[in-house]
Amino acid sequence: MNAIEIFIKSIADWTVDVPTFYGWFHLVWLGITAVSCAVVFAMHGKISQKAVDITLIVWGTALILLEIIKQLLCSFHYDGQTVTWSYGWWVFPFQFCSCPLYLALPAGIIRKGKVKDALLSFLASYALFGGLVALVYPANMFTTSGFLSMHTMLWHSSMVVICTMLFASGAVKPTFKKLLSATVIFIILATIAVILNVIVSNCTDISGFNMFFISPYESWDVPIVKLIFDNVPYPVYLMLYLLGFFAAAGLVFLTAHGIAKIYRGKEICEPNEENVNQTKIK
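Residues numbered from 1 in each chain as written. Predicted model: local features only at pLDDT ≥ 70, side-chain atom pairs only at ≥ 80, totals over all residues. Heavy atoms only, no water.

Observations concerning a nonpolar patch on the surface
Part 1 of the reasoning: Residues Ile4, Ile64, Leu65, Ile68, Leu72 and Trp85 make up a contiguous nonpolar surface patch of roughly 530 Å² in combined accessible area.
Part 2 of the reasoning: If one sorts the elements of the nonpolar patch by residue count, helix α3 (residues 49-75) sits on top with four residues.
Part 3 of the reasoning: Locating Ile4 in the fold gives a position in helix α1 (residues 3-12). (Patch = residues over 30% accessible without salt bridge, like charges linked within 9 Å, V, L, I, M, F, W, Y side chains within 5 Å. Areas by Shrake-Rupley, 256 points an atom, 1.4 Å probe, with all protein chains shown as cover. Salt bridge = Lys/Arg side-chain N within 4 Å of Asp/Glu carboxyl O. Helix = DSSP H or I, 4+ residues; strand = E, 2+ residues; numbered from the N terminus.)

Set out below in structure tokens:
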């Protein structure tokens, strides 16, 4: 074995009992997320745009490193004597909750403008919703792999906390215009997912490839969603999927708007003027 294989094997050897829904492991991560969000709201007046950008850059870099390890781990096979590498396409990193992997780093790096606003708005709405749903209902994300179970909780918990910070800091204002710009990003990503699904399904013999769970050839194994997929034409299913996520993102924005009104006296979800001025001076 070379150094990389030894490292990946050490991670693969970390096995645990499969965590249960709302068992101690799940509850600990829910608690960490709730406390972290409370701290973010408590510090809202002290979070500058520069701090937001640095956080996104660090977060984006950490997600990339975590995902590289995950991809290597899921491709590593050891029978006790021989190491073999075989890529598992089911873990291809372009599911809905994978979006911060591609968006967080550029959102923190690029300068203020329409593209940055759209990326931040997407993270604060669509990504926040996706992270929250996966955190509360992790479905089949828990496994006997200690790393993968930790990975999924850390990933989705960080999505909720950091995307909440975008509202609390004032980096994203909960307006309809911001929601529309976020939706443009969502449609672009969903279009890429559909194209990938069609190309892979028609040009390879790979099965189970279903990015964003909107493949025309693979159903999403969720009872109600599967029922819709099996009984309506694919274009209708796709439209319902897009509208459903748009409604969910809109609900996130409405919630943020309501919180902003409640805490208006504390300037929550409004830019900190001192921080804004400091950013301009710099």
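Remarks on the pattern of salt bridges
Part 1 of the reasoning: This model, assessed by the stated rule, comprises four salt bridges.
Part 2 of the reasoning: Residues Lys226 and Asp230 are paired through a salt bridge, measuring 3.0 Å at the closest nitrogen-oxygen approach. Highlighted residues: Lys226 and Asp230, both in helix α8 (residues 223-231), separated by four residues, approximately one helical turn.

Quick notes on α1
Part 1 of the reasoning: When α1 is considered as a whole, its buried residues turn out to be Glu5, Ile8 and Ile11. Viewed along the axis of α1, the buried residues span an arc of 120°, placing them on a single side of the element.
Part 2 of the reasoning: The elements touched by buried residues of α1 are α3, β1 (76-78), β2 (83-85) and α6 (146-168).
Part 3 of the reasoning: Where α1 begins, the side chain of Asn2 points an oxygen toward the backbone nitrogen of Ile4, at a separation of 3.1 Å. (Buried < 20%, exposed > 50% of the residue type's maximum accessible area, 1.4 Å probe, protein only. Arc of directions from axis to C-beta. Contact = heavy atoms within 4.5 Å. Polar contact = N/O pair within 3.5 Å; in protein donor to acceptor, adjacent residues only side chain to side chain.)

A few points about the environment of Tyr22
Part 1 of the reasoning: Its place among the elements puts Tyr22 in the loop between α1 and α2 (24-42).
Part 2 of the reasoning: Between the C-alpha atom of Tyr22 and that of Ile206, which follows or precedes it by 184 residues, the distance is 34 Å.
Part 3 of the reasoning: Those residues in contact with Tyr22 that sit more than four places away from it in its chain are Leu27, Leu30 and Val136.
Part 4 of the reasoning: From its side chain, Tyr22 meets the backbone oxygen of Val136 in a polar contact 2.8 Å long.

Things to note about the packing of helix α5 (residues 114-136) against helix α9 (residues 234-262)
Part 1 of the reasoning: α9 packs onto α5 with a crossing angle of 110° between their chain directions and a minimal axis gap of 8 Å. What the angle tells us is that α5 and α9 run roughly perpendicular. Relative to α9, α5 is oriented so that their crossing is right-handed. For the pair α5 and α9, the contacting residues are Ser121, Ala124, Ser125, Tyr126, Leu128 and Phe129 in the first and Phe245, Phe246, Ala248, Ala249, Val252 and Phe253 in the second.
Part 2 of the reasoning: Taken together, the residues that form the contact of α5 with α9 break down as ten nonpolar, two polar and no charged. (Axes fitted to C-alpha atoms, helices over the stretch in contact; angles between N-to-C directions. Parallel < 35°, antiparallel > 145°, perpendicular 65-115°, else oblique. Left-handed = near helix turned anticlockwise from the far one by under 90°. Nonpolar A, V, L, I, M, F, W, Y, C, P; charged D, E, K, R; others polar.)

What about the packing of aromatic side chains?
Part 1 of the reasoning: On inspection of all chains with the given rule, the structure shows 24 aromatic pairs.
Part 2 of the reasoning: Their ring planes at 75° and their centres at 5.6 Å tell us that Phe96 and Phe212 sit as a pair that is edge-to-face. In this pair, Phe96 sits in the loop between β2 and α4 (99-109) while Phe212 sits in the loop between α7 (176-203) and α8, placing the two residues 116 residues apart along the sequence.
Part 3 of the reasoning: Classification of Phe96 as buried rests on a relative accessible area of 8%.
Part 4 of the reasoning: Aromatic side chains Phe167 and Phe253 sit 5.5 Å apart centroid to centroid with 85° between the ring planes, which places their arrangement in the edge-to-face category. With Phe167 in helix α6 and Phe253 in helix α9, this pair connects stretches of sequence that are 86 residues apart.
Part 5 of the reasoning: A relative accessible area of 4% places Phe253 in the buried class.
Part 6 of the reasoning: Of the aromatic side chains, those joined through ring pairs into one cluster are Phe94, Phe96, Tyr102, Phe122, Tyr126, Phe129, Phe186, Phe212, Tyr241 and Phe245. (Phe/Tyr/Trp six-rings, centres within 6.5 Å; stacked < 30°, edge-to-face > 60°.)

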